[in-house]
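# Understanding the architecture of this molecule
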Number of protein chains: 2
Amino acid sequence: MTKPPTRIQTRNRAAILSAGLDVFSQFGFRGATLDQIADAAGLSKPNLLYYFPSKESIHTALLERLLDTWLDPLKALDGTGDPVQEIIAYAQRKLTLSRDYPRESRLWANEILQGAPRIEDTLRTDLKTLVDEKAAIIKAWANDGKIADVDPHHLIFSIWAFTQHYADFDVQVRAVLGEKAPYDGASVFLDTLYAKLLQP
Amino acid sequence: MTKPPTRIQTRNRAAILSAGLDVFSQFGFRGATLDQIADAAGLSKPNLLYYFPSKESIHTALLERLLDTWLDPLKALDGTGDPVQEIIAYAQRKLTLSRDYPRESRLWANEILQGAPRIEDTLRTDLKTLVDEKAAIIKAWANDGKIADVDPHHLIFSIWAFTQHYADFDVQVRAVLGEKAPYDGASVFLDTLYAKLLQP
DNA sequence: CGTTGTTTTGACCACTTGGTCAAATGCAAG
DNA sequence: CTTGCATTTGACCAAGTGGTCAAAACAACG
């Protein structure tokens, strides 16, 4: 019988996860330090370790929370509605995710860049299954002549690549664009790109 | 009057840079350790520091070498030749770069992810200037009706994003594709994508 | 061979790192 | 107020970190 968390527990655990997200997403697992995270969370290091037993456990907690929310948009892509609009809507949803959750995007990017030691199994099973399933739907649309015949896997990669680019390479995008806001232009471009590509 | 490097110097410096590239590209600057690099280079740590005075100096040497080769393809894009083919050729060149130099791509990605502390100035000046210049060429093509009217900056971002994705997210791409080779399909997809997008 | 400059190394150092622990503090309910 | 639990902390530790240094091993050349 597990006890319900106290108010303090709820607050501090949330603070730690947010601080961990800040630090891990910028420096990766190995580059992050507990002192940094403790500082960012406004707690002492021993206090931090009172709530999470180890550095690893904070990272794991973040990755688990991330996985669900990260794959949700793709799960939402189903056979109902106009195929071209469905795919564009999916891409727009992913772009919004990049804009609203850039730290999460970078945490993911860091994990993959480092060889995905902690989630490689999940990628090979859960992610592959999900992508193959959605690729089959897209392939069926192509076979029915409802969209242009393009490789569904690379189509999905291109959506991931483009949308996550704005979160992961944020500094570079802003350095190049100067004052211009990135996401409005990206959204328009994305619309045109996939409308033209998928038009049967 | 600087002396020419001995054979041993040439060999060891190259070994260190290659080892540094391996380690920095996987773990980022902070996550990498001199012991790792020394191991990978087959040298002792003090020996490594005989050739480079500090961890930072290895990293800097790598970034400098990278900058040139990384921007070369974009520099090569000029006004001669068929506009659509020019842009597609640029994208293909970048894809080849990702396939042949994935470590360099990941080193860049790591640097940007960490906020580009060491190259932010270069991004704001050299990179922005170069991109703005090429964007102007593309914009002129659009105004002449030679290609479709799309935002040149986001067009360039999309090329970077898509091509670098195959190097930076290699583990994920391979996990999803299984046995299939990534780059052939990517090349075909890329061709279709930009041909359709840019067709006036 | 010996001499001279290059390369390599073992021992070492100060500092940082992830993590522990006992003791101190805060706090809520009886 | 006090009892009991949740929370916080200072002191500490072993291992790892970037980096130094003097001495040893090596290479080249006359």
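Heads up: the structure comes first, above all this text.
The following refers to the structure shown.

## Focus: the protein's contact with DNA strand C
In the vicinity of DNA strand C there are 19 residues, among which Leu34 and Lys55 of chain A together with Thr6, Gln9 and Tyr51 of chain B approach most closely. Taking the atoms of DNA strand C that fall within 4 Å of the protein, sugar and phosphate contribute 59% of them. A distance of 3.0 Å separates a phosphate oxygen of DNA strand C from a polar side-chain atom of Asn12 of chain B. Residue Ser44 of chain B places a side-chain N or O atom 3.3 Å away from a phosphate oxygen belonging to DNA strand C. Secondary structure elements with two or more residues in the surface near DNA strand C: helix 2 (34-41) and helix 3 (45-51) of chain A together with helix 1 (7-31) and helix 3 (45-51) of chain B. For the surface near DNA strand C, the element with the most residues is helix 3 of chain B, which contributes four residues. Residue composition of the surface near DNA strand C, by class: eight nonpolar, seven polar and four charged.

## Digging into the interface of chain A and chain B
By a frequent convention, interface size equals the accessible area lost on bringing the separate parts together. With 56 residues of chain A at the interface, the matching set in chain B holds 56 residues. Of all residues in chain A, Leu113, His154 and Val176 of chain A give up the largest surface area on contact with chain B, accounting jointly for 15% of the area buried on that side. Across the chain A-chain B interface, the total number found is zero salt bridges. Our count for the chain A to chain B interface comes out at 14 residue pairs in polar contact (both at pLDDT 80 or more). For the side of chain A that touches chain B, the class distribution of residues is 28 nonpolar, 18 polar and 10 charged.

## Digging into the packing of aromatic side chains
Two descriptors summarise a pair of aromatic rings, namely the distance from one centre to the other and the angle between the planes of the rings. As enumerated under the stated definition, the model contains 14 aromatic pairs over all chains in all. Seen in terms of ring centroids, Phe162 of chain B and Tyr166 of chain B are 5.1 Å apart; in terms of plane orientation they differ by 80°. Their pairing is edge-to-face. Pair noted here: Phe162 of chain B and Tyr166 of chain B are both in helix 8 (residues 152-168), with a separation of four residues, about one helical turn. Neither residue differs from the other here; Phe162 of chain B and Tyr166 of chain B are each classed as buried. Lying over the aromatic face of Phe27 of chain B, Arg30 of chain A brings its terminal NZ or CZ to 4.8 Å of the ring centre. Across the ring face of Phe29 of chain A, the terminal group of Arg118 of chain A is positioned such that the distance to the ring centre comes to 4.1 Å.

Rules and cut-offs
- Residues numbered from 1 in each chain as written.
- Chains lettered and ligands numbered in written order.
- Predicted model: local features only at pLDDT ≥ 70, side-chain atom pairs only at ≥ 80, totals over all residues.
- Heavy atoms only, no water.
- Near = heavy atom within 4 Å.
- Polar contact = N/O pair within 3.5 Å; in protein donor to acceptor, adjacent residues only side chain to side chain.
- Helix = DSSP H or I, 4+ residues; strand = E, 2+ residues; numbered from the N terminus.
- Nonpolar A, V, L, I, M, F, W, Y, C, P; charged D, E, K, R; others polar.
- Contact = heavy atoms within 4.5 Å.
- Buried area = accessible area lost by both parts, 1.4 Å probe.
- Salt bridge = Lys/Arg side-chain N within 4 Å of Asp/Glu carboxyl O.
- Phe/Tyr/Trp six-rings, centres within 6.5 Å; stacked < 30°, edge-to-face > 60°.
- Buried < 20%, exposed > 50% of the residue type's maximum accessible area, 1.4 Å probe, protein only.
- Lys NZ or Arg CZ within 6 Å of the ring centre and 35° of its normal.

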